[in-house]
Structure formats: C-alpha cells, structure tokens
Amino acid sequence: MSQVLKTVSLSKIFGSKRVLEKVSFELKRGDILGIIGPNGAGKTTLLYLLLDIVLPTSGQVFYFGKDFKKHKTEILIKLGFASQYLNLPYSLTVEENLKVFGHFYEVSSLNKRIDELLELFKLYHKKKVLTRYLSSGEMMRLNLVRAFLHRPEIVFLDEPTAGLDPEYVKYISQILKEEVISRKITIVLTSHQLGELERIANKILLLKQGKVVGFGELKDLFEAFQVKSLEELYFKVFDETSF
Ligand SMILES: Nc1ncnc2c1ncn2[C@@H]1O[C@H](COP(=O)(O)OP(=O)(O)OP(=O)(O)O)[C@@H](O)[C@H]1O
C-alpha cells in the first residue's frame, strides 16, 4: 500500500522549551495510528505541526510523497481535523455550521452528505438545533461530522472520544474503523482510552517528553516490549520518571 504521510526529524521548540525532538515516522493508506503519551508529551503539538496550525522549528513533512511546505493548499484540502477543544460558532444551527464548512470546501451533494454523516454520528435529531445547546459529547460528534464532511484522505482526531459515554466511545470507534476499511482513508488520533485504541489502531506511536520511544505495528510493539495489552505497554514505557 502507498505511503501517505512521512515525517523526517520533526522538532518544535516553544521559547526555550523543546516540545518535540526529531520525530520521524511513516504511514500507509488504511493505517490507523494511535499517538499515546502522558499529559504534556507533545501529542497535540505533533498534530498541529501535521496540520500546519503550528510551524516546525526544524524537520520535514511529506504527504503523498510531496513536501508539505511546497504544496500546502493542495494537501490541506485532503486533511480533516476534529478536536475536543474546537467549538463551532454557537449562534448557528448544526446544519448551518456544516453548510458553511461544506461550501468552503466545495463539497459535492452537500445536503445529502450532511444528512448521511449526521445519521452516521447519531446527530440527525439535532440538525436544526443551535450549536450553543449541544452537550459536550454532541459537540464532539458534530466536530467528527465536520472532519469527515469533505471526504478527506487523512483525518486527524485529537481525543475524539473525550466527553463521550462508554456506549458512544464503542460506537464511534467502530465507525472510524469502518470508514477506514470502506473508504481506504488514514486516521491519526490521540487518545487516553487505551482499551478502545487497542481495538482500532494498527499502529502506535509512543511519545515521551517529545521523543518517540516506540513506533510500529501494535503486534510488533507487544513483542518488542514483551507485553500483552496496550495498557501494559503504556505503564512499562511511561513509568513515574515520565511525569
Ligand atoms: N503555544 C505554546 N507555547 C508554549 N508552550 C506550549 C505551547 N503549546 C504547547 N506547549 C507546551 O508543550 C508541551 C506539550 O503540549 P501538548 O499539548 O502537545 O501535550 P499533549 O501530549 O497533547 O498533552 P495532553 O495529554 O495533556 O493533551 C506542554 O508542556 C505545553 O505546555
């Protein structure tokens, strides 16, 4: 399968703080990468570098074999992003918010696409509701609808199941996996929900104080670290010295 994302020695320094150090990894079409690490390890910053929200101090990013720096516009349109920290304008309804975004990205058959995704993420009954009245779990699901609306090839999700109850966590994880299988997209997500991550991710990147301390297929990492679960792996790698 073809390579869709490659980072080469990505580093980020904020002021005098080195937040990411020489992060290198590669993903292929159809991969689901879970980025894990303790609070402050640099997971969100890494997503921001990959989305051009924050510029790297050094290093390179390649999408579909092309240098991100040189082909930003054509690449950004192929990327989707959802985060628990992203609130959409409160004064618009769910449908209006999605239409604004959909027109911006020139999404074809927009009305049909909006309905289809609202159904998929179980938000159709909130279509005409003002965004300000959504619960945090509903806002997260609206964010997911928005992230998938323009049929992106790579979707970045910053803690996509944060604020969702266990039933929704299970359901959304299943949906993400099905999207990857049916549309051959690639997903990169950060999460502290190790059980769910183990069920959906085929690759894991372990970040410890900005450095990659493990990357690869889940089964290879289990073998290399001599563990049987992601939770066991997490506690083996991120002992108290990480905090
Ligand atoms: N704009 C910024 N300026 C200065 N420091 C920053 C900035 N953004 C992030 N940091 C710092 O970079 C470090 C990594 O933050 P980041 O949000 O990437 O961690 P994280 O792994 O996503 O954490 P969490 O699990 O808590 O979400 C933290 O110490 C944070 O304070």
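Up top you'll find the structure we're talking about.
Owing to the predicted nature of the structure, the values given are computational and were not obtained by experimental measurement.

Engineer: Would you mind showing me how to read the side chain of N143 here?
Structural biologist: Among the secondary structure elements, N143 is positioned in helix 5 (residues 136–149). For N143, a relative accessible area of 1% translates into the label buried. Among the polar contacts made by the side chain of N143, one reaches the main-chain carbonyl oxygen of S83 at a distance of 3.3 Å. A distance of 2.7 Å separates the side chain of N143 from the backbone oxygen of L86, its partner in a polar contact. Leaving out residues up to four positions away in the same chain, N143 has contacts with F81, A82, S83 and L86.

Engineer: Got a minute to help me understand helix 9 (residues 230–237) in this structure?
Structural biologist: Because an α-helix packs 3.6 residues into every turn, residues spaced three or four apart end up facing the same way. All buried positions along helix 9 are accounted for by L230, L233, Y234 and V237. Looking straight down helix 9, one finds its buried side chains confined to an arc of 100 degrees; they lie on one side. The secondary structure elements touched by the buried residues of helix 9 are strand 3 (32–36), helix 7 (194–200), strand 9 (203–208), strand 10 (211–217) and helix 8 (218–225).

Engineer: Sorry, what's going on with the packing of helix 3 (residues 94–104) against helix 4 (residues 110–120) here?
Structural biologist: Relative to each other, helix 3 and helix 4 sit at 130 degrees, their axes nearing to 10 Å. By the criterion of interaxial angle, the relationship of helix 3 to helix 4 is oblique. In this structure, helix 3 crosses over helix 4, and the sense of that crossing is right-handed. Two secondary-structure elements touch here, helix 3 through V94, E95, L98, K99, G102 and H103 and helix 4 through L110, N111, I114 and L118. In terms of residue class, the contact of helix 3 with helix 4 is built from five nonpolar, three polar and two charged.

Quick notes on the rules
- Residues numbered from 1 in each chain as written.
- Predicted model: local features only at pLDDT ≥ 70, side-chain atom pairs only at ≥ 80, totals over all residues.
- Heavy atoms only, no water.
- Helix = DSSP H or I, 4+ residues; strand = E, 2+ residues; numbered from the N terminus.
- Buried < 20%, exposed > 50% of the residue type's maximum accessible area, 1.4 Å probe, protein only.
- Polar contact = N/O pair within 3.5 Å; in protein donor to acceptor, adjacent residues only side chain to side chain.
- Contact = heavy atoms within 4.5 Å.
- Arc of directions from axis to C-beta.
- Axes fitted to C-alpha atoms, helices over the stretch in contact; angles between N-to-C directions.
- Parallel < 35°, antiparallel > 145°, perpendicular 65-115°, else oblique.
- Left-handed = near helix turned anticlockwise from the far one by under 90°.
- Nonpolar A, V, L, I, M, F, W, Y, C, P; charged D, E, K, R; others polar.

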